[in-house]
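Close look at the chain arrangement
Chain by chain, the residues:
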Protein chains: 2
Amino acid sequence: MPSLASAGTNAPATEATGTASATRSKSGAQSHGARSPRAGAAAHAGIAAHAQTDADASLAGHHASTCQAFACQACTVRGLTICGALEPDDQTLLAGLVQHLSLQPHQSIFQEGDAADYVYTITAGCVAMSKSLADGRRQITGFMGPGDFLGLAVEDENHYSAEALSPTHLCRYPRQRFRAVMQSVPALEQRLYALAADELALAQEQILLLGRKTALERLATFLLMMRRRAQQRGLPTNPLRLSMARADVADYLGLTVETVSRGFSKLRAMGAITLDSAELVRLAKPALLQELSGT
Amino acid sequence: MPSLASAGTNAPATEATGTASATRSKSGAQSHGARSPRAGAAAHAGIAAHAQTDADASLAGHHASTCQAFACQACTVRGLTICGALEPDDQTLLAGLVQHLSLQPHQSIFQEGDAADYVYTITAGCVAMSKSLADGRRQITGFMGPGDFLGLAVEDENHYSAEALSPTHLCRYPRQRFRAVMQSVPALEQRLYALAADELALAQEQILLLGRKTALERLATFLLMMRRRAQQRGLPTNPLRLSMARADVADYLGLTVETVSRGFSKLRAMGAITLDSAELVRLAKPALLQELSGT
DNA sequence: CGGGACTTTGAGCAAATTCAACCATTGTGG
DNA sequence: CCACAATGGTTGAATTTGCTCAAAGTCCCG
């Protein structure tokens, strides 16, 4: 599949790739019928083409460093992300490389197998990392939100795809130059090492969930995790905004959309949660969820 | 469960914890009946007590550095592990900290929730990292073999357990001192960052497997992965030695022992593999396995 | 040779998937 | 402004995969 993606130039703005939920059986991919017979071709349209930078001209080069630096001063996720770990001088160094991007839901950031030319920091929205099998089954390996760093583990090519799930803002850095800064700034290197360690711990948590938890346990775990994330970022938790579709939750939890939906209904019936809308959840009984989570 | 483990002093040399296979249903843990009613209490016996070092006295301190350095010179996994990335001087630095340990199958190295006092390099054998749920269901998050580094992602306490699956030799370093060396030796830091990145990529591969692959696909993927590992280490691949029990394979693949066994039988029936013994597999048709692996 | 641990095989069952229909929300065009 | 199509979510029924429970079969070690 990676090879198929290489020709990616432009695709219709509305493609189904992002929402074609994975299915468990090998024959499942076709069964979703009308949806995107060319799954995998994806919305690989070059980001630059779609990019709507805060200062659009900045994409042409990095002459806009002062302007960018100013934007960084005002950045709302500064404390959460890598910039917070840096001295002012080093921040300027990074600010000289940065490009700002805006993405719509379902827009691809990069695809499994692509050359890893950039690394990213997310300033707003929600991004999914995912891997797929040849027949289209998709597994989301993680969600990232404001403050998260994207591109940690990359070598020369990406081992996973990344896609915006909600309207998203990114800071993008050319990978080679970022790497150079990283090697000259020990604080940055250490910060990234710590981030990698965190991400690894999360991945192991996810492995436990996928390998050993029941559908309901997965869902309860997921909701509690989303709440913790929101708390860490100072986002509202009492209606908790999921920022993703059921299909994405399903692809994250290794389930089908239907099972996820049934799970939500069951949790609602138990009084554990309330739904303002499909995306806005109230965790009425966190203790019950905790118990249901199996952990 | 972490709190239960804290009192760990000595346990019988033969405990069942390591082999009590996880089960999917919440009630499953008890259903295995006679096996280890005190699951979770584990073989937490201090390693030092069981340790049979190559030069036993070394445990008392680190005065044996020259001796250890000599051992390191002869080390068979030097090229694979962190030592290979170091200057001779830095190697001596590490050699001054090292302690050699030998473990029997089922012996615990550390437990989820323990203080992370050491990091390890594996020189021989096979180690499983695992996480468990409250009711005893266990998930193995990864296997490590000769050359692998254990303790990458740790903060002050371990997020997972580690246990020897076959007779195993380890190099152990006090974590704080290792950390100090790490921070003074950029090459080491970068090597560990690279290892963390590799481990993360493996974890994501595992997430895809657990979330979206069928039992047979998991097994095929597993066998190919084990073969790749053996190749990387220059170990024999034609009878490929698994170095672990079916129960461990099951806990790694998110399945039950029975399903794993059926899978092996099915692969055998298809002619994809041959079994010299339960632990010695011949991959008769790697291409078929590749196809079956779903990737 | 005998005992125990591990592995394999079989039969029935249950959780989650598949397939299918229906409902709700949203945006569009008449 | 409302009908209506489209998308996403929910619910139901049948099916399937993998699990549970049970019983043999193997292998290893003393």
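Structure: above.
None of the values given here were measured: they were computed from a predicted structure.

Comments concerning the packing of aromatic side chains
Residue and element names in this part refer to chain A. Taken as a whole and judged by the stated rule, the model has 16 aromatic pairs over all chains. Ring plane angle 55 degrees and centroid distance 5.7 Å describe the contact between F110 and Y160, whose orientation is recorded as tilted. With F110 in strand 2 (residues 108-110) and Y160 in the loop between strand 6 (149-150) and strand 7 (161-164), this residue pair connects regions lying 50 residues apart in the sequence. Of the two residues examined, F110 and Y160, each falls in the buried class. Chaining the aromatic ring pairs together yields one cluster made of F110, Y118, Y120 and Y160.

Observations regarding the relation of the copies chain A and chain B
Both copies of the chain are placed relative to one another by a rotation about an axis and a shift along it. You can overlay chain A on chain B at an RMSD of 0.0 Å; the transform is a turn of 180 degrees with a shift of 0.0 Å along its axis. Such values leave the two copies arranged in the relation of a two-fold axis. Interface residue correspondence from chain A to chain B reaches 100%, placing this contact among same-surface, isologous pairings.

Things to note about the pattern of salt bridges
As enumerated under the stated definition, the model contains 24 salt bridges over all chains in all. Here D251 of chain B and R212 of chain A are joined by a salt bridge, their closest N and O atoms 2.8 Å apart. Placement of the pair is D251 of chain B in helix 9 (residues 246-253) and R212 of chain A in helix 7 (residues 186-212), with the two residues belonging to separate chains. Residue class for D251 of chain B comes out buried when judged on its relative accessible area of 0%. Assessed through its relative accessible area of 1%, R212 of chain A is described here as buried. One salt bridge connects R138 of chain B with D248 of chain B, and the closest N-O pair in it is separated by 2.8 Å. Of this pair, R138 of chain B sits in strand 5 (residues 138-144) while D248 of chain B sits in helix 9; the two residues are 110 residues apart in sequence, bridging distant segments of the chain. With relative accessibility at 5%, the residue R138 of chain B sits in the buried group. Through salt bridges with shared partners, a single ionic network connects R138, E163, D248 and D251 of chain A together with R212 of chain B.

Section: the protein's contact with DNA strand D
Residues in close proximity to DNA strand D total 20 residues, the closest being R246, R262 and S265 of chain A together with A215 and T259 of chain B. Considering DNA strand D, the proportion of its atoms within 4 Å of the protein that are sugar or phosphate atoms stands at 64%. R246 of chain A is positioned such that a nitrogen or oxygen atom in its side chain is 2.8 Å from a phosphate oxygen of DNA strand D. For DNA strand D, a phosphate oxygen lies 2.3 Å from a polar atom in the side chain of T259 of chain B. Considering each element in turn, the surface near DNA strand D owes the most residues, four residues, to helix 10 (residues 257-269) of chain A.

Side note on the interface of chain A and chain B
Contacts between the two partners involve 48 residues from chain A and, on the opposite side, 48 residues from chain B. Among the residues of chain A in contact with chain B, Y193, I207 and R212 of chain A are the three that bury the most area, contributing 21% of the side total. Joining chain A to chain B, the criterion identifies six salt bridges. Linking R137 of chain B and E217 of chain A is a salt bridge whose minimum nitrogen-to-oxygen distance equals 2.8 Å. Where the side of chain A that touches chain B is concerned, the elements lending two or more residues are strand 4 (127-132), strand 5 (138-144), helix 6 (175-184), helix 7, helix 8 (215-232) and helix 9 (246-253) of chain A. In terms of residue count, the dominant contributor to the side of chain A that touches chain B is helix 7 of chain A (19 residues). Here the residues of the side of chain A that touches chain B sort into 20 nonpolar, 13 polar and 15 charged.

Side note on the side chain of K131 of chain B
Among the secondary structure elements, K131 of chain B is positioned in strand 4 (residues 127-132). Looking at K131 of chain B, its side chain comes within polar contact range of the main-chain oxygen of H159 of chain B, at 2.8 Å. Setting aside anything within four residues of it in sequence, one finds K131 of chain B in contact with Q204, E205 and L208 of chain A together with E112, R137, R138, Q139, T141, H159 and Y160 of chain B.

Observations concerning unusual backbone geometry
Phi angles above zero are rare outside glycine, and H106 of chain A is one such case at about 75 degrees. Structurally, H106 of chain A is set in the loop between strand 1 (99-103) and strand 2. Taking the relative accessible area as the measure of exposure, H106 of chain A reaches 31% and is therefore partly exposed. Here the phi dihedral of S243 of chain B falls at roughly 60 degrees; this positive angle occurs in a residue that is not glycine. In this structure, S243 of chain B sits in the loop between strand 9 (240-241) and helix 9.

A closer look at the sheet that holds strand 6 (residues 149-150) of chain B
All names here are of chain B. The strand order 1-8-3-6 describes an open sheet built from four strands, whose pairing is antiparallel. Looking at the sheet topology across the chains shown, the edges are occupied by strand 1 (99-103) and strand 6. For strand 3 (residues 118-124) and strand 6, the ladder comprises two bridges, and the chain directions are antiparallel. Residue pairing in the sheet places Y120 in a bridge with L150 of strand 6.

A look at the packing of helix 6 (residues 175-184) of chain B against helix 7 (residues 186-212) of chain B
In a packed pair of helices, the relevant descriptors are the angle between the two axes and the axis-to-axis distance. Residue and element names in this part refer to chain B. At their nearest, the axes of helix 6 and helix 7 sit 5 Å apart, and the two run at 105 degrees to each other. Looking at the two axes, helix 6 sits roughly perpendicular to helix 7. Counted together, F178, V181, M182 and S184 of helix 6 and P186, L188, E189 and L192 of helix 7 form the full contact between these two elements. Among the residues making up the contact of helix 6 with helix 7, the classes are represented as six nonpolar, one polar and one charged.

Some remarks on the nonpolar core
In terms of nonpolar packing, the biggest core is built from 76 residues, with F222 and L223 of chain A together with F222 and L223 of chain B touching the most fellow members. Formed by 40 residues, the second largest nonpolar core is a distinct cluster that contains C83, F178, V181 and Y193 of chain B.

With respect to helix 7 of chain A
When the terminal C-alpha atoms of helix 7 of chain A are compared, their 39 Å separation across 27 residues agrees well with the 39 Å that a helix rising 1.5 Å per residue should span. Taken across its 27 residues, helix 7 of chain A has 19 buried, putting it largely inside the fold.

Thresholds, definitions, all that
- Residues numbered from 1 in each chain as written.
- Chains lettered and ligands numbered in written order.
- Predicted model: local features only at pLDDT ≥ 70, side-chain atom pairs only at ≥ 80, totals over all residues.
- Heavy atoms only, no water.
- Phe/Tyr/Trp six-rings, centres within 6.5 Å; stacked < 30°, edge-to-face > 60°.
- Helix = DSSP H or I, 4+ residues; strand = E, 2+ residues; numbered from the N terminus.
- Buried < 20%, exposed > 50% of the residue type's maximum accessible area, 1.4 Å probe, protein only.
- Least-squares fit on C-alpha atoms with pLDDT ≥ 70 in both.
- Contact = heavy atoms within 4.5 Å.
- Salt bridge = Lys/Arg side-chain N within 4 Å of Asp/Glu carboxyl O.
- Near = heavy atom within 4 Å.
- Polar contact = N/O pair within 3.5 Å; in protein donor to acceptor, adjacent residues only side chain to side chain.
- Buried area = accessible area lost by both parts, 1.4 Å probe.
- Nonpolar A, V, L, I, M, F, W, Y, C, P; charged D, E, K, R; others polar.
- Pairing = 2+ DSSP bridges.
- Axes fitted to C-alpha atoms, helices over the stretch in contact; angles between N-to-C directions.
- Parallel < 35°, antiparallel > 145°, perpendicular 65-115°, else oblique.
- Core = buried A, V, L, I, M, F, W, Y, C linked by side-chain atoms within 4.5 Å.
- Expected span 1.5 Å × (residues − 1).

Such coordinate-based values are descriptive only and should not be taken to indicate function.
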